[in-house]
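Residues per chain, in single letters:
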Amino acid sequence: MGRRVRLSLLLCLVVLWVAGLAAADEEGNQDESLESKTLSAEDQVKDHSTGTRVVAGQIFLESGKSDSQSEDEENFHSQEEEKENSLEELNSLEMSNLLNKDLEEAEVQSPVLTAIGGTADGEPCHFPFLFMEKEYPECTADGREDGRLWCATTYDYKKDQKWGFCETEEQSNKRRQMQEAEDVYQTGMKILNESSKKAQKKEAYQYLLKAADMNHTKAMEKVSYALLFGDYLKQNIQSSKELFEKLTEEGSPKGQMALGFLYASGLGVNSSQAKALVYYTFGALGGNLIAHMILGYRYWVGIGVLPSCESALTHYRLVANHVASDISLTGGTVVQRIRLADEVENPGMASGMLEDDLIQYYQFLAEKGDVQAQVGLGQLHLHGGRGVEQNHQRAFEYFNQAANAGNSHAMAFLGKMYSEGSDVVPQSNETALQYFKKAADMGNPVGQSGLGMAYLYGRGVPVNYELALKYFQKAAEQGWVDGQLQLGSMYYNGIGVKRDYKQALKYFNLASQGGHILAFYNLAQMHATGTGVMRSCHTAVELFKNVCERGRWSERLMTAYNSYKDGDSNSAVVQYLLLAEQGYEVAQSNAAFIFDQKASIVEENETYPRALLHWNRAASQGYTVARIKLGDYHFYGFGTDVDYETAFIHYRLASEQQHSAQAMFNLGYMHEKGLGIKQDLHLAKRFYDMAAEASPDAQVPVFLALCKLRVIYSLQYVREINIREVFSHVDMDQLLGPEWDLYLMTIIALLLGTIIAYRQRQHQAIPRPAGLRPAVPQQEPPPEHQPPQ
């Protein structure tokens, strides 16, 4: 009998294994293109009505992963598994023995829960059991003041009084402690999510700190990051490191990613790119998107690993799938990229932030009935950015006021808000359709695009692809990005029109010029799969990277900026460093800028080398100031040895690629002095002139430099010529005639006479003032000549 059971179990395992292989093969053969994520026209309508969400012709399932995401994860896991193939082959026999042993133990083990203590110690629990006229399908704490779980070993507890505990006292205490920790954590999160005041958020973190002390995993994650960044808790990198190590031991992907960041940046630990790579890999295997993004950037530029475009593509695509799936019809939050170096050069110009006084002025105009101010404030609050927090309630109020005044733009945005739905505005296709129609009838492109979406997906109206195409074309002709994106999607999928990848590419490119995230995403998919264009891994990675940088984590750019403005540069630099690891160029340059200002978070002798590292990474992404900074660091020997040749190379790159006037001026100076290059005053003048042409601000320093250059050139010319040799080659008899010496003496005599006559005339022309005589001191006569008294 036992043998038959074993055979049956083994047969079942074999069947399951074969089924798993078939499913894996089927999943592996799926197409990675946009087409694989897009259903037929009829299926789109069906799926939209059953809980799926359609954005820009892409089908995003609410529960489950997209096909390309599954493939990306499989590719990533397969790459990691290939590294261990040899180890698996060596241990295959041992693994099979362990499997057989586990099967034998599974036959012996019983899934029945055994009562502990009570009146039926050691007897199996009976489920369900009847207690107080209620059936319990599992252990319960009802009837006990200590909250300890118990069960009955017979059906009717009242009749038989047979019972026992389902857990030991130690297990019970641990469970109650975790439940208490969960309650404290939920209290803290409730305060954190519902409040906007700093004092209340600090109070919330005190609850989270208490829950973390009780080993609550999510609370530890929150507290560890708060300690790392100094968010509402005093910054303490050492304490955050200890928590990250504890989380890593428990298998937390967030903890693994953060510990990798500490090793990568050398904060609280000795820097080790190898350890950082290991922890990042484990974090990515656990599903942490930031770890995937960091690995994508590292494989893209070759930090700690060999550069691999395909590996970077795998990681970036997986993250981009998540970011694209979160994009709503109203659009995502605005990513505010503020470079600290540019802001120092042009205060208030580079940031694009609105001053509080200006916002209050617009609010005053809106309250007075200014429709344009109402629409502008509505859009600011809808998307956030420029110093204004996202607030759908205020956006709805401003749009409502402007719509009542007859503004078509406000009507269209109200339609978008009703179409999407939120905590403030309930989802309503009928109301959205009314607003879209009103706006479209007034020629508004936003309303036309919204009406096209309604006809495309059957939202409040029957599906009509012809009308959808008509409205999208009208919106696209007016330059509205949503209309361009939807037109591209219709041409790509062949919905309502003949499939045309060239037209799809055209409209996706137009929408991407307007900054639409889904346009970048669709273009990336086309380049990654070679659909309608020549396959280009390089282009696909750049586009996917752009999409990934629009994720929710980009909000930390503003948090870091506000920390810096508040004077907390240590908190700001740590936040910028994490974003720099993710590949944000603006974060790399800002971290370098803060290190350049001698950040106190690291030793003084480490600031310039760290700044040099991040200037280098920012320069490799095309930031001109960073490239010039690299030249300056090598010129002056900041964080490295003085190297004029390397400095010259960086200045030349900035001059040729970005046409930087500063770089041209520096090249002129190096040619003038012969630093890192052979001295050449003609080339120096050429670069000075180019700098003056490139920027009006360079004209004054260039004028001074050219004046100096002319003096140097004149002195050098005089120094190089030989006066005697010049006169020896000149034949004065031939030049001035045989009596040239008489002529010369006559000219000299005339010049001397003229000078003498001029000086004499000057002496005669000076009049002596009338009535003035030189004062003669009166002396007393000597005593012997004084008259007698």
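Details of the structure are given in the entry above.
Residues numbered from 1 in each chain as written. Predicted model: local features only at pLDDT ≥ 70, side-chain atom pairs only at ≥ 80, totals over all residues. Heavy atoms only, no water.

**Digging into the overall build of the protein**
Looking only at helices and strands, the protein has 38 helices and six strands in total. Across the 789 residues in the protein, those meeting the buried criterion constitute 43%. Considering only contacts in the protein between residues 6 or more positions apart, those separated by 24 or more positions represent 53%. Of the roughly 43800 Å² that the protein leaves accessible, carbon and sulfur atoms contribute 52%. (Helix = DSSP H or I, 4+ residues; strand = E, 2+ residues; numbered from the N terminus. Buried < 20%, exposed > 50% of the residue type's maximum accessible area, 1.4 Å probe, protein only. Contact = heavy atoms within 4.5 Å. Areas by Shrake-Rupley, 256 points an atom, 1.4 Å probe, with all protein chains shown as cover.)

**Details of the pattern of salt bridges**
Per the counting criterion, the structure on display carries 16 salt bridges. E123 serves as the salt-bridge partner of K162, at 3.3 Å between the closest nitrogen and oxygen. In this pair, K162 is assigned in the loop between helix 6 (157–160) and strand 6 (163–165) and E123 in the loop between helix 5 (92–108) and strand 3 (129–131), connecting sequence segments 39 residues apart. Accessibility expressed as a relative area gives 26% for K162, which makes it partly exposed. According to the relative accessible area criterion, E123 is partly exposed, its value standing at 29%. Ionic pairing is found between D146 and R144, a salt bridge with its closest N-O pair at 3.0 Å. (Salt bridge = Lys/Arg side-chain N within 4 Å of Asp/Glu carboxyl O.)

**Here's the deal with helix 13 (residues 289–301)**
Taking 1.5 Å per residue as the helical rise, helix 13 with its 13 residues ought to reach 18 Å, and the 19 Å between its terminal C-alpha atoms agrees with that figure. Burial analysis of helix 13 places eleven of its 13 residues in the buried class, which makes it a mostly covered element. Considered for burial, the residues of helix 13 that qualify are L289, I290, A291, H292, M293, I294, L295, G296, Y297, R298 and Y299. Regarding helix 13, its N-cap is N288, as a side-chain oxygen of that residue lies 3.2 Å from the backbone nitrogen of I290 further along. One or two positions beyond helix 13, positive phi appears at G302, with a value near 85°. (Expected span 1.5 Å × (residues − 1). Polar contact = N/O pair within 3.5 Å; in protein donor to acceptor, adjacent residues only side chain to side chain.)

**Things to note about the packing of aromatic side chains**
In total, this model carries 27 aromatic pairs according to the counting rule given. Here the aromatic rings of F399 and F413 are separated by 5.2 Å at their centres, their planes lie at 10°, and the arrangement is stacked. Taken as a pair, F399 in helix 18 (residues 392–404) and F413 in helix 19 (residues 408–420) lie far apart in primary sequence, 14 residues in all. Note on F399: relative accessible area 0%, which makes it buried. The structure contains a cluster of three or more aromatic residues connected by ring pairs, namely F127, F129, F131, Y136, W150, Y157, W163 and F165. In this structure, R148 packs its charged tip against the face of F165, placed 3.8 Å from the ring centre. Over the face of the ring belonging to Y471 we find K470, whose NZ or CZ atom lies 5.6 Å from the ring centre. (Phe/Tyr/Trp six-rings, centres within 6.5 Å; stacked < 30°, edge-to-face > 60°. Lys NZ or Arg CZ within 6 Å of the ring centre and 35° of its normal.)

**Concerning unusual backbone geometry**
Note that the residue after F127, namely P128, is joined by a cis bond; omega there is -5°. In this fold, P128 is placed in the loop between helix 5 and strand 3. With a phi close to 65°, N215 is a non-glycine residue in the positive phi region. Looking at where N215 falls in the secondary structure, it is placed in the loop between helix 8 (198–213) and helix 9 (217–229). The backbone of Y232 sits at a positive phi, close to 65°, despite the residue not being glycine. Within the secondary structure, Y232 sits in the loop between helix 9 and helix 10 (237–249).

**With respect to the packing of helix 8 against helix 9**
Across the interface, helix 8 lies against helix 9 with an axial gap of 8 Å and an inter-helix angle of 120°. One finds that helix 8 runs oblique with respect to helix 9. Where helix 8 crosses over helix 9, the two elements pack in a sense that is left-handed. For the pair helix 8 and helix 9, the contacting residues are Y205, L208, L209, A211 and A212 in the first and A219, M220, K222, V223 and A226 in the second. Its residues assigned to classes, the contact of helix 8 with helix 9 shows nine nonpolar, no polar and one charged. (Axes fitted to C-alpha atoms, helices over the stretch in contact; angles between N-to-C directions. Parallel < 35°, antiparallel > 145°, perpendicular 65-115°, else oblique. Left-handed = near helix turned anticlockwise from the far one by under 90°. Nonpolar A, V, L, I, M, F, W, Y, C, P; charged D, E, K, R; others polar.)

**Let's talk about the state of the cysteines**
For the coordinates displayed, the defined rule picks out three disulfides. Each disulfide pairs two cysteine sulfurs, and for C139 the partner residue is C166, the sulfurs being separated by 2.0 Å. Here C139 and C166 share a disulfide; its torsion about the S-S bond, -90°, makes the bridge left-handed. A residue pair is termed long-range when its members are at least 10 positions apart, and C139 in the loop between strand 4 (134–136) and strand 5 (150–152) and C166 in the loop between strand 6 and helix 7 (169–194) qualify at 27 residues. (Disulfide = S-S within 2.5 Å.)

**Quick look at helix 12 (residues 273–285)**
End to end, helix 12 covers 18 Å across 13 residues, agreeing with the expected 18 Å (1.5 Å per residue, within 8%). For helix 12, the complete set of buried residues consists of A276, L277, Y280, T281, G283 and A284. Each buried residue of helix 12 sits inside an arc of 160° when the element is viewed along its axis, so together they form one side. Of the residues one or two after helix 12, G287 is the one with positive phi, at around 95°. (Arc of directions from axis to C-beta.)

**Topic: the nonpolar core**
Inside soluble globular proteins, nonpolar side chains tend to come together where they are buried. In terms of nonpolar packing, the biggest core is built from 155 residues, with F261, L262, Y576 and W615 touching the most fellow members. Top element by residues in this core is helix 25 (residues 517–529). It accounts for nine residues. When neighbours within four sequence positions are excluded, W615 is seen to be in contact with S589, A592, F593, Y623, A626, K629, L630 and Y633. (Core = buried A, V, L, I, M, F, W, Y, C linked by side-chain atoms within 4.5 Å.)

**Notes on the environment of S489**
Here S489 is to be found in helix 23 (residues 481–493). Expressed as a C-alpha distance, the spacing of S489 and A519, which sit 30 residues apart in the sequence, is 9.4 Å.

**Description of the packing of helix 22 (residues 465–477) against helix 23**
Direction vectors running N to C along helix 22 and helix 23 enclose 140°, while the axes themselves pass 8 Å from each other. Taken together, helix 22 and helix 23 sit at an angle that is classed as oblique. You can see that helix 22 and helix 23 cross each other, and the crossing is left-handed. Facing Y465, A468, L469, F472, Q473, A475 and A476 of helix 22, the residues of helix 23 in contact are G483, Q484, Q486, L487, M490 and Y491.

**Considerations on the environment of E585**
Structurally, E585 can be placed in helix 29 (residues 585–596). The buried category is assigned to E585, whose relative accessible area is 12%. As for E585 and G622, which are separated by 37 residues in sequence, their C-alpha atoms are 8.6 Å apart. Residues within four places of E585 in sequence aside, it is in contact with R339, A618, Q621 and Y623.

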